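Letter by letter, the chains look like this.
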Amino acid sequence: MAGVKAEKEHKAALAELGCMVCRRLFPYLAPGPVELHHLRTGGWGKGPYTTLIPLCYEHHRGATGVHELGTKGFPKRYGFDQADLLMDALSLLRSSK
């Protein structure tokens, strides 16, 4: 049961961070609602909950999001990739403890 509790706590903490793309592009905005995205590096399938990245709808599934642009188009558009966003999120979680 400890694993389920840890996963729920991790997901809740991520949701409070707001969208990792918006934080980079618009750091002056307050965090809004997010969807938790599984880090993808070109393959299919979902990784562990520790690789979740909080993204707003637009940056997750919208026209300028990772699912629309793909793992190659996303970093071309923004200059950073999903791994960078995961590191941002994990760093913020560590600093909040």
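All values derive from a computational prediction rather than experimental measurement.

Student: Even after reading the chapter, I still don't get helix H4 (residues 66-78), so can you show me in this structure?
Tutor: Owing to its 3.6 residues per turn, the α-helix aligns residues three or four sequence positions apart on the same side. Over its 13 residues, H4 runs only 10 Å from end to end, short of the ideal 18 Å by more than 12%, given 1.5 Å per residue. Lys 72 marks the point of greatest bend in H4, at about 90°, and the proline Pro 75 comes within the next four residues. Every buried residue of H4 is listed here: Val 66, Phe 74 and Tyr 78. Turning to H4, the residues buried within the fold contact helix H2 (20-25), strand S1 (35-38), strand S2 (52-55), helix H3 (57-60) and helix H5 (82-95). Directly beyond the C-terminal end of H4, a positive phi value near 85° is found at Gly 79.

Student: Just checking my understanding: could you explain H5 for this structure?
Tutor: Over its 14 residues, H5 extends 20 Å from the first C-alpha to the last, a length consistent with the 20 Å expected when each residue adds 1.5 Å. By the burial criterion, the buried members of H5 are Gln 82, Leu 85, Leu 86, Ala 89 and Leu 93. For H5, the angular spread of the buried residues around the axis is 105°, confining them to a single face. Residues of H5 that are exposed and point over 90 degrees away from its buried face: Arg 94 and Ser 95.

Student: How do you make sense of the pattern of salt bridges when you look at a structure like this?
Tutor: Side-chain pairs of opposite charge can arise where the charged atoms are in close proximity. Applying the stated rule across the entire model yields 4 salt bridges. The closest approach of N and O atoms between Lys 5 and Glu 9, which form a salt bridge, is 3.9 Å. Of this pair, Lys 5 and Glu 9 both sit in helix H1 (residues 2-17), separated by 4 residues, roughly a single helical turn. Overall, Lys 5 belongs to the exposed group, its relative accessible area being 54%. In this structure, the salt-bridge partner of Arg 61 is Glu 35, at a minimum N-O distance of 2.5 Å. Taken together, the positions of Arg 61 in the loop between H3 and H4 and Glu 35 in strand S1 put the pair 26 residues apart, joining distant regions of the chain. Arg 61 gets classed as partly exposed once you look at its relative accessible area, which sits at 45%.

Student: Explain the packing of aromatic side chains to me, please; I cannot follow it from the model alone.
Tutor: For any pair of aromatic rings, the description rests on two quantities: the centre-to-centre distance and the angle between the ring planes. One pass over the structure, following the stated rule, counts 4 aromatic pairs. On the basis of an interplanar angle of 55° and a centroid distance of 4.8 Å, the ring pair of Phe 74 and Tyr 78 is categorised as tilted. With Phe 74 and Tyr 78 both in helix H4, this residue pair falls 4 residues apart, about one helical turn. Of the residues examined, Tyr 78 reaches a relative accessible area of 16% and is grouped as buried. Ring plane angle 25° and centroid distance 5.6 Å describe the contact between Tyr 78 and Phe 80, whose orientation is recorded as stacked. For Phe 80, a relative accessible area of 7% corresponds to the buried category. An aromatic cluster of at least three residues, connected via ring pairs, comprises Phe 74, Tyr 78 and Phe 80. Geometry around Phe 80 places Arg 24 over its ring, the cationic atom sitting 4.5 Å from the centre.

Criteria and cut-off values
Residues numbered from 1 in each chain as written. Predicted model: local features only at pLDDT ≥ 70, side-chain atom pairs only at ≥ 80, totals over all residues. Heavy atoms only, no water. Helix = DSSP H or I, 4+ residues; strand = E, 2+ residues; numbered from the N terminus. Expected span 1.5 Å × (residues − 1). Bend = angle between axes of the 7 residues up to and from the residue. Buried < 20%, exposed > 50% of the residue type's maximum accessible area, 1.4 Å probe, protein only. Contact = heavy atoms within 4.5 Å. Arc of directions from axis to C-beta. Salt bridge = Lys/Arg side-chain N within 4 Å of Asp/Glu carboxyl O. Phe/Tyr/Trp six-rings, centres within 6.5 Å; stacked < 30°, edge-to-face > 60°. Lys NZ or Arg CZ within 6 Å of the ring centre and 35° of its normal.

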